[in-house]
Structures are given as C-alpha cells and as structure tokens.
Amino acid sequence: MDESVNPCSDFYRHACGKWPKVHANDSYRSVLDNLDHNYESRLADLLEEQGSGEDPRLVGLLRDYYTSCRQNLTHSQAMDILEKIAQSSEIDSEAYIVGLTAAFRMRIQLLPTMKSSELWSMLITRDSGESPDRNESSNVPMTRQEFDSTWQMFPWLGEKANQEEFWLQVSHLERQLLVKMGSYRWFQEEQKMPLHWMLPWPQTPPTLFDSIHMVIIITGQPRDFLLRYILLRLAHNKVNPATSWQIDREECAEQTRRFLSHPAAWLMELHHPRLQEEAKMRGIFLKLKQRFADKLLANRNEFNTHTMHFLMAKLSRMILRLSIMPRRGGATEEQIEEHYRDVRFQATDYFGNLLAALHHQAAVLQSPLKYSYQSRKSWLPVYGFGVYASPYFISVSNMLVVPLSFLEQPLFGANQSDLLTYSSLGFVLGHELSHGFSPNGLEFSARGEHNPGVYNKMKTNPRFQRQLDCLDTRFRPRMEDEKFADATGLELAYSAYFGGDLPRVEDQSLFFLNFAQFFCSSETKNEKSKIHGSDRSRVNDAVRHFRPFQELFACQKRKRRSPCELY
C-alpha cells in the first residue's frame with residue numbers, strides 16, 4: 001500500500017503503489033504470474049522425480065521434453081539444427097522460430113500466430129542485461145574475403161543459391177542495417193545491443209526509430225535467405241563450439257506445460273487437492289449467479305417476456321468447470337495419448353523436440369476440433385486458454401473455466417476467510433460470468449448457438465441502447481466488454497459477500513483493498529493492453545462509480561458521469 005495516495009484519486013496506486021519495490025527481487029511480476037510460477041515449480045518437481053518404469057507414455061513425453069530443455073545447450077547444437085533447417089527447400093514458420101531460437105538463444109514466449117515483425121522487434125529491443133561479449137561475436141559487416149571463406153564451410157550452399165548473387169544480397173542487407181535514419185525528438189531513446197546479437201550493429205547506438213527501420217529491413221528478407229545468412233554470420237564469428245547455456249527449470253516447465261497442456265494437467269491433477277474444494281467453489285459460483293439473477297429480474301429495461309426468458313435461460317444453463325480436463329467421464333489417459341500419438345521426443349535433443357512441439361501445435365490449430373456446447377463434459381482443445389492461470393468464459397459452451405493453477409492463495413485456500421475469497425476469486429468469477437451478458441456475449445444463446453436476433457431486438461430498447469452507447473463512448477470499442485465485466489464482477493462479489501447487511505467499515509476497506517491488490521503488478525507493458533486496459537485503469541474504472549466504495553472513502557461529491565449499467 002501507499003497510504004500517501006488518496007484512494008478517491010487513484011485507488012490502484014493507494015493499494016499497489018509499493019508493489020514493484022517490495023517484489024523487485026521476486027521472479028514474478030504480478031499475482032497471476034506468481035500463480036503460474038508456483039504451478040510450474042511443482043510441475044518441475046514432479047518431472048524431476050525418478051520414473052517408475054510403468055508410467056504411461058504421456059508422462060514419458062513430459063519428462064523427455066523437460067529433460068532436454070534442462071540440459072546444457074551448446075553452440076555446436078545450435079549450429080547443427082540451424083544448418084539442418086537452412087538446408088530445407090521450404091522453411092515453415094515453426095522451423096523459422098526454432099532457427100532463430102537456436103541462433104539468438106531466445107526464450108520461447110511466442111504465439112504461433114506471431115508476425116515476423118513482432119518476433120524481430122522483440123529480438124532487437126530486448127535488453128542485453130549485460131555488456132555484449134565482444135570476443136564471442138563480431139558486429140561489423142563481413143568483407144568479401146570473409147564471406148568467401150565462410151561460404152566454403154558449407155558445400156551444400158552452392159546447391160541452394162548462387163554465391164555471387166548471395167554475396168550481393170548479404171552486402172546490401174548489411175549496409176541497410178547500419179543506415180542511421182536521423183535524430184527525431186520523439187525517438188531519442190537509444191537501443192542497447194540485444195543479448196547474443198551477431199548481426200551488424202551501428203557503432204553509434206541506434207534510436208528507437210532506427211530499430212524500427214532495422215525490423216522493416218530484416219522482415220523484408222525471405223526466410224531461407226535470412227537463416228542461411230545467420231548461419232554464415234555465426235560461423236564467421238567463430239564462437240567456441242563448447243560454449244553452453246542452460247534454460248532455468250521454471251521456464252522449461254512452462255514450455256512443457258504449453259506444448260503438452262493435457263498431459264501436464266493430467267499429471268498435476270493426480271497430485272492436486274482441488275477436488276476437495278470443488279463444492280466450495282461451486283457454492284461461490286451459485287451465489288454469484290443468484291445475485292445476477294436478482295439484477296435481471298429487477299428488469300430495469302422493461303424487457304418483454306421473450307427477452308427475459310432468453311436471459312434467464314442463459315444464466316440458468318451457465319456452468320463452472322475446473323481445469324481443461326473433465327471432472328468425470330470424458331477424456332481418459334488413452335484419449336490423451338491418442339491426441340499426442342504422432343509426437344516423438346528425445347531426452348537429448350531440445351531443438352528437435354521444440355520443432356516437433358511447434359509442428360504439433362500448428363496442426364492442432366488447423367484441425368477442425370472446436371469449442372462447442374458438448375465440450376462442457378469432454379476435454380477442452382487448448383491454445384492460449386487454459387495454459388495459464390487466468391480463468392476464461394467460452395460463449396459457445398456457456399461455460400466458465402477455471403484452470404487449476406488459479407486455485408491458490410491469495411485467491412483461494414481451504415482456511416482462507418470468505419471476505420478474502422469473495423473480494424478476489426469472487427470478483428474474477430463474477431467478471432467471467434458477466435461476459436455471457438456483455439455486448440459480444442449476448443449474441444450466443446443458452447446452448448451456445450450464435451443467435452444475434454435476440455440481441456438485435458434488445459438494442460431497440462431505448463434504455464438498454466443508451467447504456468450500450470455509454471460503454472461505447474466512454475471506452476474504446478474493444479474494451480467495452482471487459483469494462484462492463486470488471487464493474488459487474490465487483491458489484492456481484494460485493495453483494496454476494498455482504499448481502500443486505502450493513503457491513504463494518506474495516507471489512508469494507510479490506511474487501512476493496514484485496515480486490516485492487518489482485519491487479520498489483522510491476523509490468524509497465526500492461527499500460528498498452530488494447531482489450532483490458534492497464535491494471536491501474538481497471539481498478540480505478542471499476543470503483544469510480546461504485547457507490548459503496550465512494551461512500552466508504554468519503555469521496556467528494558462532484559459532478560460526474562453515471563455508471564454504464566446494462567441491467
């Protein structure tokens with residue numbers, strides 16, 4: 001907390017102002033990040049245990065990938081996989097990512113849909129964290145003599161490209177990379193040389209504008225040329241083949257969990273006590289649903305009988321599900337192994353495993369497997385959702401999913417007070433529940449069918465349309481659903497816990513503080529979120545028009561806009 005900050009002016013800073021300093025030396029940067037960190041630490045513990053010899057194949061896949069990731073990776077291994085990929089006639093996006101990962105010792109925090117420009121922006125602007133080792137790499141253009149001698153190291157290159165033409169491409173690219181675009185007052189921030197960078201780098205530190213120029217130049221090159229050029233640069237730099245590095249255990253567990261989500265969830269659930277708490281979780285969810293039902297039944301919009309039936313049926317059929325794995329019935333160990341039947345890993349080949357994992361992930365994304373209402377009882381297809389701690393709502397299933405890693409303190413614990421649980425977990429569940437009744441969520445029926453007809457009819461209601469316009473004008477179009485869910489989630493959690501009783505001031509204060517501290521973070525990049533807004537704005541926007549908060553902290557009454565209330 002930073003009690004010097006007026007809660008009415010900036011409640012986020014009041015509740016979280018000292019978070020970055022207090023957690024400066026921690027490996028996590030937010031509450032959600034801490035939950036994932038703890039989950040992955042426990043997964044690493046399980047994968048480091050000696051196998052019994054009778055473990056199912058899916059556990060073997062987990063251990064093989066994790067073991068290969070934890071071994072010392074060498075420059076020689078990186079060169080081998082890069083050369084293997086560079087010899088390919090066609091280099092797909094997955095192979096391209098692996099080649100760059102090996103060359104730049106890059107962390108795997110990538111989406112399969114990430115654009116090449118985003119990838120290179122991340123590479124060029126990442127802080128080295130230390131002074132580059134000038135003995136390890138050269139960052140000046142190659143001479144013709146250096147190029148010719150390096151070319152001879154790879155006889156197969158002559159079969160892929162004309163040596164003279166390739167040299168012209170290389171020399172032209174390297175001249176372009178060193179071009180200074182001039183000094184611009186709004187681009188004065190200088191870029192340090194990135195970690196493990198081996199391409200030409202200007203002697204005078206480039207500005208951010210120069211870095212953007214470098215990204216444009218590099219991403220304009222064909223994949224095959226670029227990887228072969230990088231191979232030549234690495235060979236020219238004459239790095240010691242025995243040079244090695246190691247990926248830390250939590251990151252290896254994160255990668256294992258990302259690429260083998262279902263096997264990881266299956267293994268963790270064997271050692272997770274969440275089944276003991278399922279009744280308590282569902283009790284909280286049912287109480288939140290009842291509070292939302294009260295809002296709907298008040299019918300402030302004076303909706304007709306047909307619309308009210310649509311809304312109440314949707315709320316009634318909405319369910320809560322814990323984990324991407326089914327609670328009972330559904331997927332079995334054999335089904336999971338069938339899903340990963342074509343995946344083969346070797347405990348000594350990290351880069352080969354990474355390529356196989358990315359190819360499998362790409363194939364899953366292109367498969368016809370989709371979310372559906374029927375998926376409420378089966379295992380869930382995964383990418384992005386369910387891999388990390390944050391819960392999510394699936395409109396076509398009318399289902400709220402809570403990953404197991406979310407069921408940890410400070411959000412949830414068997415002996416935790418209900419006040420702390422409702423002000424954090426209750427808010428999040430209320431937020432996700434609200435997504436079923438947000439502008440986008442209303443286009444889907446109780447059974448997940450896309451049925452915009454009722455929603456279009458609802459928009460003819462004058463009061464409802466005014467509130468939609470309120471959301472649209474107050475927040476950017478892509479944020480309106482999230483802002484509605486934040487405000488409604490806080491209201492539902494507050495009313496579910498306090499009910500109609502007159503709460504004590506101390507309890508109210510703790511409730512709001514715990515709610516806000518769920519968002520505490522050291523990440524400045526959250527300021528740029530296009531969907532949720534910053535952590536700071538999420539907290540402040542949610543409490544700004546919430547009467548119990550305003551009254552508790554005696555916020556001065558001033559002329560202000562009314563809250564946007566759809567119901």
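Coordinates for the structure precede this section.
Residues numbered from 1 in each chain as written. Predicted model: local features only at pLDDT ≥ 70, side-chain atom pairs only at ≥ 80, totals over all residues. Heavy atoms only, no water.

## Brief notes about the pairing of strand 5 (residues 399–402)
Here is step 1 of the chain: Burial of the side chains of strand 5 extends over both faces: Met-399 and Val-401 are buried on one face and Leu-400 and Val-402 on the other.
Here is step 2 of the chain: In this sheet, strand 5 lies alongside strand 3 (residues 319–322) in parallel orientation, the contact comprising 4 bridges. Bridge pairing in strand 5 links Leu-322 to Val-402.
Here is step 3 of the chain: Where strand 4 (residues 392–394) meets strand 5, 3 bridges bridge the pair, whose relative direction is antiparallel. From the neighbouring strand, Phe-393 faces strand 5, where its bridge partner is Leu-400.
Here is step 4 of the chain: The antiparallel pairing of strand 4 with strand 5 creates a hairpin that spans 4 residues between the two strands, and Asn-398 there sits at a positive phi of about 50 degrees. (Buried < 20%, exposed > 50% of the residue type's maximum accessible area, 1.4 Å probe, protein only. Helix = DSSP H or I, 4+ residues; strand = E, 2+ residues; numbered from the N terminus. Pairing = 2+ DSSP bridges.)

## So, the pattern of salt bridges
Here is step 1 of the chain: For the coordinates displayed, the defined rule picks out 20 salt bridges.
Here is step 2 of the chain: For Glu-250, the salt bridge identified is with Arg-249, shortest N-O distance 3.5 Å.
Here is step 3 of the chain: Exposure remark for Arg-249: the relative accessible area of 18% places this residue in the buried category.
Here is step 4 of the chain: One salt bridge in this structure joins Glu-565 and Arg-300, with 3.0 Å as the shortest N-O distance. Of this pair, Glu-565 sits in the segment after helix 25 (547–552) while Arg-300 sits in the loop between helix 15 (274–298) and helix 16 (305–317), placing them 265 residues apart in sequence.
Here is step 5 of the chain: For Glu-565, a relative accessible area of 28% translates into the label partly exposed.
Here is step 6 of the chain: Note on Arg-300: relative accessible area 43%, which makes it partly exposed.
Here is step 7 of the chain: Salt bridges sharing common partners tie together Asp-45, Glu-48, Arg-249 and Glu-250. (Salt bridge = Lys/Arg side-chain N within 4 Å of Asp/Glu carboxyl O.)

## Quick notes on the packing of helix 8 (residues 144–151) against helix 12 (residues 223–237)
Here is step 1 of the chain: Helix 12 packs onto helix 8 with a crossing angle of 100 degrees between their chain directions and a minimal axis gap of 10 Å. The angle between the axes of helix 8 and helix 12 places the two elements in the roughly perpendicular class. Where helix 8 approaches helix 12, its residues Glu-146, Phe-147, Thr-150 and Trp-151 are matched on the opposing element by Leu-232, Ala-235 and His-236.
Here is step 2 of the chain: Looking at the contact of helix 8 with helix 12 residue by residue, the class counts come to 4 nonpolar, 2 polar and 1 charged. (Axes fitted to C-alpha atoms, helices over the stretch in contact; angles between N-to-C directions. Parallel < 35°, antiparallel > 145°, perpendicular 65-115°, else oblique. Contact = heavy atoms within 4.5 Å. Nonpolar A, V, L, I, M, F, W, Y, C, P; charged D, E, K, R; others polar.)

## Considerations on the packing of helix 13 (residues 249–259) against helix 18 (residues 350–366)
Here is step 1 of the chain: Direction vectors running N to C along helix 13 and helix 18 enclose 35 degrees, while the axes themselves pass 10 Å from each other. Judged by the sense of rotation from one axis to the other, the crossing of helix 13 with helix 18 is left-handed. Of helix 18, the residues touching helix 13 (which contributes Gln-255, Arg-258 and Phe-259) are Tyr-350, Leu-354, Ala-357, Leu-358 and Gln-361.
Here is step 2 of the chain: Of the residues in the contact of helix 13 with helix 18, the class split is 5 nonpolar, 2 polar and 1 charged. (Left-handed = near helix turned anticlockwise from the far one by under 90°.)

## A closer look at the state of the cysteines
Here is step 1 of the chain: Within the structure shown, the criterion is met by 4 disulfides.
Here is step 2 of the chain: Note that Cys-8 is cross-linked by a disulfide to Cys-555, the S-S spacing being 2.1 Å. Here the S-S torsion is close to -90 degrees, and the disulfide linking Cys-8 with Cys-555 is therefore left-handed. One end of the pair, Cys-8, is in the segment before helix 1 (11–16); the other, Cys-555, is in the segment after helix 25, with 547 residues separating them in the sequence.
Here is step 3 of the chain: Residue classification places Cys-555 among the buried residues on the basis of a relative accessible area of 10%.
Here is step 4 of the chain: The disulfide partner of Cys-16 is Cys-520, and the S-S distance across this bridge is 2.0 Å. In this structure the cystine formed by Cys-16 and Cys-520 twists about its S-S bond by roughly -85 degrees; its chirality is therefore left-handed. (Disulfide = S-S within 2.5 Å.)

## Some remarks on the packing of aromatic side chains
Here is step 1 of the chain: A full pass over the atoms with the stated rule returns 40 aromatic pairs.
Here is step 2 of the chain: Ring geometry for Phe-437 against Tyr-567: centres 6.5 Å apart, planes inclined by 90 degrees, an arrangement best described as edge-to-face. Taken together, the positions of Phe-437 in the loop between helix 19 (418–435) and helix 20 (452–458) and Tyr-567 in the segment after helix 25 put the pair 130 residues apart, joining distant regions of the chain.
Here is step 3 of the chain: For Phe-437, a relative accessible area of 0% gives the class buried.
Here is step 4 of the chain: Overall, the relative accessible area of 4% leaves Tyr-567 in the buried class.
Here is step 5 of the chain: By way of ring pairs, the aromatic residues Phe-11, Tyr-422, Tyr-494, Tyr-497, Phe-498, Phe-511, Phe-512, Phe-546, Phe-549 and Phe-553 are connected into one cluster. (Phe/Tyr/Trp six-rings, centres within 6.5 Å; stacked < 30°, edge-to-face > 60°.)

## What about helix 19?
Owing to its 3.6 residues per turn, the α-helix aligns residues three or four sequence positions apart on the same side.
Here is step 1 of the chain: Between its first and last C-alpha, helix 19 extends 24 Å over 18 residues, near the 26 Å set by a 1.5 Å rise per residue.
Here is step 2 of the chain: The axis of helix 19 is deflected most strongly, by about 35 degrees, at Gly-426.
Here is step 3 of the chain: By the criterion of burial, helix 19 is predominantly enclosed, with 16 of the 18 residues buried. (Expected span 1.5 Å × (residues − 1). Bend = angle between axes of the 7 residues up to and from the residue.)

## A short note on the nonpolar core
Here is step 1 of the chain: The biggest cluster of nonpolar side chains holds 164 residues, and the ones touching the most others in it are Trp-120, Ile-230 and Tyr-567.
Here is step 2 of the chain: Ranked by the residues each element gives to this core, the list is headed by helix 12, at 9 residues.
Here is step 3 of the chain: In this structure Tyr-567 touches Phe-292, Lys-295, Leu-296, Arg-300, Asn-301, Phe-303, Leu-311, Phe-437, Leu-442, Met-458, Phe-464 and Phe-484, once residues within four positions along its chain are discounted. (Core = buried A, V, L, I, M, F, W, Y, C linked by side-chain atoms within 4.5 Å.)

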